[in-house]
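Chain and residue survey
So the chains spell out like this:
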Amino acid sequence: MHEFDTHTTFRSHAPGYWPAEAMEQWHDHRWQLRNRIDSLADLEAKLVLSDEERAGVLLAGTKLAMAITPHFFNLIDRENPDCPIRRQVIPRIEEGWNAPEEMADPCGEDHHMPVPGLVHRYPDRVLFLVTDRCASYCRYCTRSRVVSGVGEQQLETHWEAAFRYLETHTEIRDVLLSGGDPLLFSDAKLDRILSRLRSIPHLQFLRIGSRIPIFLPQRITPELCDMLKKHHPLFISIHTNHPRELTLEVRDALARLADAGIPLGNQSVMLRGINDSVEVQKALVHKLLMCRVKPYYIYQCDLIHGSSHLRTPVASGIEIIEGLRGHTTGYAIPQFVIDGPGGGGKIPLNPNYVIDSSPSHVTLRNFEGNLFEYPNPSPIQPDDLLSLRHRALAKAR
Ligand code: SF4
């Protein structure tokens, strides 16, 4: 099979690298969590590491923990040291080096927290950091200062103060639950949080940001979906970076969410050597649509400490949008954004399609490079209006 076929085809990943008991328990999300690969010994028992990876794993214990679900680990191509799955979750020594432009809190979230755990940066919506734990840890995580619990800071969520803030700030209409990964909570706990939010009349719209459907699709149980659908309108943003992440198990988990009436969007992060090509991004967005997920954002990787080996030039993201717009379905095209360093919020970036602009017209370029002039509206002349009036009067007689 050609490598590209693994991008475009949904494949199931049988538990080939685990003991016999895994065959029986593979679909139990609790088993998956209990059996995460989270130590050097665990990892070396299953994979030959490079020196750079071994050093990276040893350093990760003081920065961002390593943990990989068996499901996601099984997607690693052991023959390929540059496997795009491997590079997202296995630490490397480069993580230990902070480039001068990098920060611990690149989106300036800590300065926009009126209550610990609640980020209020945009006028009508908030980010609610409800947990610091994830099913697996992404090596470029923008919140690695708190996520996984071994970094520089601890996440403190002041629950009651956060709910009171939301109750008294009637301008807030949209709450995004994130962290960490809220879908790691039990159904009952998540239900309590969503119910409390739903008891606040001015909150119109709830969102959950989660990578669980990708790292741990077994967690998307019918019971979870039944609970979530009580809280509509509820949207979920998933996080997928490479088409190989979209396996049959993931596709089925996403179908369960979609069947529960939950609109799904995907956020991916531009990562060097992982998804920084038009070919990979096009395969990703096509597979997402087949999973009923709208490709929503491609993020320029935030300036998080230790990420320079994974970050790409800004031009790569613009080239990818250029390679998608006009070349595939409009629904498949995400918005490329940079989160303004230090707290600027999302800033959209696009290829330049406006070549020239004047009061009378704009000159535009289409996806094939052809030029078109689009005229601005012409003012109606008084003489023309007068003659129209005369004609209307004549008809009335
Ligand atoms: S799932 Fe999200 S919050 Fe968790 S480590 Fe990955 S990027 Fe960070």
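These numbers come from a predicted model, not from an experiment.

Before going further, it helps to spend a moment on helix α13 (residues 278–290). For α13, spanning 13 residues, the distance from its first C-alpha to its last is 18 Å, which sits close to the expected 18 Å at 1.5 Å a residue. Among all positions in α13, only Val280, Gln281, Lys282, Ala283, Leu284, Val285, Lys287 and Leu288 are buried. Looking one or two places after α13, you find Arg292, whose phi comes out positive at around 65 degrees.

The next thing to look at is the site of the ligand. Contacts to the ligand come from Cys134, Tyr137, Cys138, Cys141, Arg143, Val147, Gly179, Gly180, Asp181, Arg211 and His239. Classifying every residue of the shell around the ligand by side-chain character gives 5 nonpolar, 3 polar and 3 charged.

The next thing to look at is helix α14 (residues 314–324). Turning to α14, its buried residues are Gly317, Ile320 and Leu324. Angularly, the buried residues of α14 cover 60 degrees about the axis, an arc narrow enough to put them on a single face. Tucked into the core, α14 has its buried residues touching α13, β7 (293–299), β8 (335–340) and β9 (345–349). Taken from the residues just after α14, Gly326 is the one with a positive phi, measuring 90 degrees.

Size of an interface, as often reported, equals the accessible area lost when the parts are brought together. Taken domain by domain, the protein chain holds domain 1 (3–95), domain 2 (110–349) and domain 3 (354–397). With centres defined by C-alpha atoms, the gap from domain 1 to domain 2 works out at 22 Å. In this complex, domain 1 contributes 34 residues to the contact, which on the side of domain 2 involves 35 residues. Listed by contribution, the elements that provide at least two residues to the side of domain 1 that touches domain 2 are α1 (3–8), α3 (29–34), α6 (70–73) and α7 (86–89). In the side of domain 1 that touches domain 2, the residues fall into 13 nonpolar, 13 polar and 8 charged.

Another aspect to go through is the sheet that holds strand β3 (residues 174–178). Read across the sheet, 9 strands follow the order β1-β2-β3-β4-β5-β6-β7-β8-β9 without closing on themselves; strand pairing throughout is mixed. Looking at which strands have only one partner, the edges of the open sheet turn out to be β1 (118–122) and β9. Sheet twist, expressed as the mean angle between neighbouring strand axes with direction ignored, is 30 degrees. Sheet topology note: the strand β6 (residues 264–269)/β7 ladder contains 6 bridges and is parallel. If you follow Gln267 over to β7, its bridge partner there is Tyr297.

With that settled, the discussion passes to the nonpolar core. Membership of the largest hydrophobic core comes to 81 residues, with the highest contact counts inside it found for Phe128, Tyr137 and Tyr140. With 5 residues, α13 is the single largest residue contributor to this core. Shared between two domains, this core takes at least three residues from each, and those domains are domain 1 (3–95) and domain 2 (110–349). Tyr137 has contacts with Leu64, Ala65, Met66, Ala67, Val89, Val147 and Ser148, leaving out every residue within four places of it along the chain.

The rules we used
- Residues numbered from 1 in each chain as written.
- Predicted model: local features only at pLDDT ≥ 70, side-chain atom pairs only at ≥ 80, totals over all residues.
- Helix = DSSP H or I, 4+ residues; strand = E, 2+ residues; numbered from the N terminus.
- Expected span 1.5 Å × (residues − 1).
- Buried ≥ 20, exposed ≤ 12 C-beta atoms within 10 Å, placed from the backbone.
- Near = placed C-beta within 6 Å.
- Nonpolar A, V, L, I, M, F, W, Y, C, P; charged D, E, K, R; others polar.
- Arc of directions from axis to C-beta.
- Contact = placed C-beta atoms within 7 Å.
- Domains from an automatic or database assignment.
- Pairing = 2+ DSSP bridges.
- Axes fitted to C-alpha atoms, helices over the stretch in contact; angles between N-to-C directions.
- Core = buried A, V, L, I, M, F, W, Y, C linked by C-beta atoms within 7 Å.

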